[in-house]
Structures are given as C-alpha cells and as structure tokens.
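Coordinates in review
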Amino acid sequence: MTRAAITPIVPGHHTHPYPRSILSPCSSSTTCPLRRHLRVPRSVFRRVYQAVKDEPFSQQRINATGRLQAHPLQKVVAAFRVIAYGEAAERADEYVRLSRSTVAQATKLCLEFIVRRWGPTNLRRPNNLELKKMMERNAERGFPGCMGSLDCTHWEWHQFPTGTAGAYQSRKGSEALLSRPSAMRTCGFGTCLSVPPGA
Amino acid sequence: MNQSPLYLDVTAGRWSPRDVPFSINGTTRPLPYYLVDGVYPLYAFLVSPHPMPLTDEAKTFNSLQEAIRKDVERLFGVLTKRFHIALHPGRFRSVKQLIMTYKVVCILHNTCVEARRDTFLSRRRHARGTNGGGSAGGEGEGPAGAAAAAAGGHGAQDGGSDDSGAAAAGGAAPGGGIGNCGGLAAAADAVADPPPAVNAEEQPPAGGMVAVFDAWGQTLNPAEHEQLRADLTAHVWNDRGEMLAPYAV
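Residues numbered from 1 in each chain as written. Chains lettered and ligands numbered in written order. Predicted model: local features only at pLDDT ≥ 70, side-chain atom pairs only at ≥ 80, totals over all residues.

To continue, consider the overall build of chain A. When its secondary structure is counted, chain A shows six helices and six strands. Sequence-ordered secondary structure for chain A, helices as α and strands as β, is α-α-α-α-α-α-β-β-β-β-β-β. Among the 199 residues that make up chain A, the fraction classed as buried is 44%. (Helix = DSSP H or I, 4+ residues; strand = E, 2+ residues; numbered from the N terminus. Buried ≥ 20, exposed ≤ 12 C-beta atoms within 10 Å, placed from the backbone.)

Structure follows, in structure tokens:
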C-alpha cells in the first residue's frame, strides 16, 4: 500500500508552523504564542529542543529515495503538542506535517529522553538543605517536622491491552492508574509514582 | 500504596533523614512526616486529620492541616490544566509508558516552575551586575537570559562564576533573530554541562537487615500515628490565635 508522502518543511520557510514564535524572542512572557501553544515557557522549550535535537532519533535524515525527512523542530513541537493537549498522534499531522507513526515515535523517544536527562535533577527528593527549609516553613505554619503533603489521583487508561483487563480496575469499573506526587510549595514536588488503584 | 517507591524507601529507612529531631508538645521525634487525608493508613510517617472532629481542638487541627495540604490538591489542578495529557485518559499501551509520561509531566512542570521563579533570574542579574551586564539590555534579555539562568540553575545557587559565560551568551541571544543559531547556541553551551549531582550521597542502609526491621517497626506504628496527631493537635491549639489568623474571614 502506498501513501502520499508529506512534504517536509524547513524552519524559516514561510509555511513552517512556528516561523517566528520559536526562533525569535518575545517581549512578554504572558502573550508569547509559544507559551500559549505548547504550555511551557520559551526558555524551557529551548532547553529541551537544544538537548534533544542532536539525539540520534531526532536528527534530520535523508531516506532511500533522497527525500529530506522531518526536522527535529517538527518532532519536538509534535511531542510537546501531544503532552500539552493530550491529543492523538494523528491530530498533529496537519500542524507539523508529520505522519502518525513519526509523531508517536518521536513523542515516545522524546519523553524517554526527558526522563533520562532531567529526571535525576528535576524529579527527585529534596536534599537536606531544602528539607530543612521546608520543615522550617511548615513549623511556622504550625507543623514542625512536616515534609510536605501526599495525595493520589486516578488517571484513566483508555487503551489498556486486553491481556491486562481487570488488572488495574478500579472500584467504579474503569481501568486507571494511581499517581502520587508529594507537594511542597516551593519545590514543586519530589516524587511521582504509579500503582494500580486500590493498592 | 505498598508498591510505591516512597513507601518502600520510608519503611526501609532509606529516605527521610532522621537527623533533624523536632519536638512537639514536649515529645522529641526523629521521624519527619507527610500530611495526608483520611484514606491513608495509620502509619507513623503520615498525619491524617481527625476522622470525626468533635472538640474545638480537633476542628482547629483539621482546618490547619487542610490549609497546608491544599498545596498538593492544587498541584493536581495545575498539572492537569497545564498538560492536558494528564487530564484525558491515557492512550499508551503499557504501564511503563504511562508512568514515564506522568514523570515527564512532573519534570516539565518543575522545570517551568524553576524557570519562571523570580529568584533565579534576579540572582543571575545580580551576579552579572558588576561585570558590565548593561549590554544585554533590560527587557530584551528576558527569555534567553531566563534560559541560561534556568540551565545553570542549581550551580548558580552557590553563586558560582563558572557559568557566567553561558549567561552572557544568553544575553546576546535576542540579536540572533530568526537565524536559528544565536540564542540557541548559547543554550547549547549551558545544556552541554551535565546536570549537577544533587543527592549524590544516598542515605546509607546502615546496619543491614536489623536496621530495616527497626525502620519498619518505627514507621508502620499506628499507636505512634495517633500519638503524633494528638501531640500536634495540642501544639496547634496552643498557638491557635496566631495560626488561624491568616485564614480568618
């Protein structure tokens, strides 16, 4: 089965999805189109893009027919759109001109890379100094020795494999996982984990 | 819950350093605790509200406990609002990938919080003030300077001067324009540095299995949970005027 190839676009070209908003600075952070579209500040996107673009999975390639393949910027934007909007992989094709499989693969690899690269620094337990500060702040509010708060939430699982049907079933009958960040006012939060509901 | 890394670490004594004892109502304890709501089990490292508050003491304790715990409740609101992938049902095929996605959401959220926190940028500006930061310009250096400051984040906390080059290059970024090279190259320098090892030394499992069993008995003690809650109730009741003042209507 053949399918029409999607014409790749190079950054700076007039049909590029983000010709200006990514590559040029924006005066106000609240009206920045990138921040509205991708839900992260430009500085964060820039950091991620800079780190991801030289990874093997996101480099621009030339395929067997001599066509230029997707630019890393397209893949990173597609991955961020999937995270920001929770949309299906097909949904981004009209926007970044990538096929469904490319978007899905780029999203997966990009997410894995982010966890590998920033997990140890940005998703971690507080170190002793931060812990001390937190406990001091909580002591002012009446709870000396308090490290923070825990909470759970359910995240429904839409496309669970049939083989696992029932393994993650909640009381109300939907498949869901439980994740539990622990929060502190200044540090964001330290841990995140997922377990079956009811566990 | 019994599968969670946090639970396993706490009950095995690997997490929550016990070297900062605190005293509540005359009792000194080494084990810090988390605030939770009523669905959690009665463990010594969790503090839940009174299930049936009848006395004024218990009601005061519950309202103050919930006042602090609302942070985490709001956190989920912010997370799902910012990244809708956490709002809609997960579309992945494996548990591993779901966990990874939620981790990414948390990492990106933490990064955003850090990047937008005023102190990082202002500290960077402050440190740069002496060596001619005026060339960067006040308004124009916003995003790129923030990128450099955030990338240098943890290292910059100690006022280290080693990443001042990255910050200076970041300040020059707005001139780069559409050329895809100016500001991004600056960020590349910052990104190329490996992230600092933050929790380099793990909490040692000193003492082998005996210590694990000790920690197990210490953290999973329901009587201690009740006692801690009673002590905290008395503690906040003593200072109730001052504690409740911010929440008075």
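A separate point is the overall build of chain B. Along the backbone of chain B there are eleven helices and four strands. Burial statistics for chain B: of 249 residues in total, 37% are counted as buried. Taking the contacts inside chain B whose residues are at least 6 apart along the sequence as the reference set, 57% of them involve residues at least 24 apart. (Contact = placed C-beta atoms within 7 Å.)

Residue and element names in this part refer to chain B. Direction vectors running N to C along helix 2 (residues 56–82) and helix 10 (residues 222–238) enclose 90 degrees, while the axes themselves pass 9 Å from each other. With respect to their mutual orientation, helix 2 and helix 10 come out roughly perpendicular. Residues Glu-57, Ala-58, Thr-60, Phe-61 and Leu-64 of helix 2 form the contact with helix 10, whose participating residues are Leu-232, Thr-233, Val-236 and Trp-237. Looking at the contact of helix 2 with helix 10, its residues break down into six nonpolar, two polar and one charged. (Axes fitted to C-alpha atoms, helices over the stretch in contact; angles between N-to-C directions. Parallel < 35°, antiparallel > 145°, perpendicular 65-115°, else oblique. Nonpolar A, V, L, I, M, F, W, Y, C, P; charged D, E, K, R; others polar.)

Looking now at the environment of Lys108(A). All names here are of chain A. Mapped onto the elements, Lys-108 comes out in helix 5 (residues 100–122). Its 18 C-beta neighbours within 10 Å are what place Lys-108 among the partly exposed residues. In sequence terms Lys-108 and Ala-79 are 29 residues apart; their C-alpha atoms lie 8.0 Å from each other.

Summarising the model, chain A shows a mean pLDDT of 72, and 66% of its residues fall at 70 or more. Every residue in residues 183–199 of chain A is under pLDDT 50, and counting partners more than four places away or in other chains gives 64 contacts. (pLDDT = per-residue confidence, 0-100.)

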